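Coordinate analysis (summary)
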Amino acid sequence: MYRPCLRIGTTLAMVTTAVCLGSISSSQADTLRIGGTGSATVLMQRLGASFAASHADTSVEVIPGLGSSGGIAAVLDNVLDLAVSARPLKPAEQGLTAIVAVRTPYGLVSSNPNPGDIAKAEVAAFYANPAATWPDGTSVRVVLRPKSESDTALLGETFPGMAAAIEKIRARIDVPVAATDQDNLEMASTIKGSLVGTSLTQMVTENYQSQLHFLTIDGAKPTLENLESGVYPYSKPYRFVFAEEPSPLVRRFMDFIASSEGKSILRASGSLSATR
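What counts and how
- Residues numbered from 1 in each chain as written.
- Predicted model: local features only at pLDDT ≥ 70, side-chain atom pairs only at ≥ 80, totals over all residues.
- Heavy atoms only, no water.
- Buried < 20%, exposed > 50% of the residue type's maximum accessible area, 1.4 Å probe, protein only.
- Helix = DSSP H or I, 4+ residues; strand = E, 2+ residues; numbered from the N terminus.
- Contact = heavy atoms within 4.5 Å.
- Salt bridge = Lys/Arg side-chain N within 4 Å of Asp/Glu carboxyl O.
- Core = buried A, V, L, I, M, F, W, Y, C linked by side-chain atoms within 4.5 Å.

1. Points about helix α7 (residues 181-190)
Of all the residues in α7, the buried ones are Asp181, Gln182, Asp183, Asn184, Leu185 and Ala188. On its buried face, α7 sits against α5 (150-158), β7 (194-199) and α8 (200-205).

2. A closer look at the pattern of salt bridges
Applying the stated rule across the entire model yields 11 salt bridges. Residue glutamate 149 is joined to arginine 145 by a salt bridge in which the shortest nitrogen-to-oxygen separation is 3.5 Å. There is no split in this pair, since glutamate 149 and arginine 145 are both buried. In this structure, the salt-bridge partner of glutamate 228 is arginine 267, at a minimum N-O distance of 2.9 Å. Of this pair, glutamate 228 sits in helix α9 (residues 224-229) while arginine 267 is found in helix α11 (residues 260-268), placing the two residues 39 residues apart along the sequence. Taking the relative accessible area as the measure of exposure, glutamate 228 reaches 47% and is therefore partly exposed. We classify arginine 267 as partly exposed; its relative accessible area is 36%.

3. Thoughts on the nonpolar core
Grouped together as the largest cluster of nonpolar side chains are 27 residues, with contacts concentrated most on Leu108, Tyr127, Leu155, Met162 and Leu195. When contributions to this core are tallied by element, the ones reaching two or more residues are β4 (96-110), α4 (123-128), α5 and α6 (162-170). The element contributing the most residues to this core is α4, with five residues. For tyrosine 127, the residues in contact, after removing those within four places along its chain, are Leu108, Val142, Leu155, Met162, Ile169, Arg172, Leu195, Val196 and Gly197. Val62, Leu82, Met254 and Phe256 belong to the second-largest nonpolar core, a separate cluster that totals 23 residues.

Below you can see the structure in the form of structure tokens.
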């Protein structure tokens, strides 16, 4: 199972950035350096390997463990060429360009083998109910993310009343908190009756599909076909963040993402190109 450097909070993210990147030589002008949200790490490794294989004298380094904020900060400091962010830029992060380059279905998963279906309007109450059970009677065990994590905001934006439900759940001492995207799925896979939010991309690229199972929402499965058709409307955007004037290497990588080869890798990894 892939395990990148852990990140807990913005302060540690910056320390992690320095530690992980400290040994990288800045003299390798033909090296594209990418980092950011943990759920896209393996996806970026797959894309980077194919991009480098088709572009002579070019290599790609994917730096794990930074998170969206750490990746953006590293681009601002000219340490990374490209950050992958699961959140929009903040007002203080000026001088950068952010575009939604990739989308992946986003939903709810459980270690319960048959978690069933849930209506969008009922998700928040289901989360907040300490007596909630799965169809087989197993207790629901929610795993939360830190307040600052992009998935916390995404859940709150996706389902009505979810932001308030999450705050209510935080008061319970029995609810664990997963610090990173990798912790999130690792904990979910080991807790009986777990319930977490995650992306199809992370499920596919980190090989959790046999251990964790998506709920259907209003009868719809979180598949690429359903996302494309609009049958399943819930997605997680991955924003590519780079300098206001991107380097030629970043431009070539963006073109590769939009190419037939890039799109094929994205689809095989549970994602869709959103650029063109």
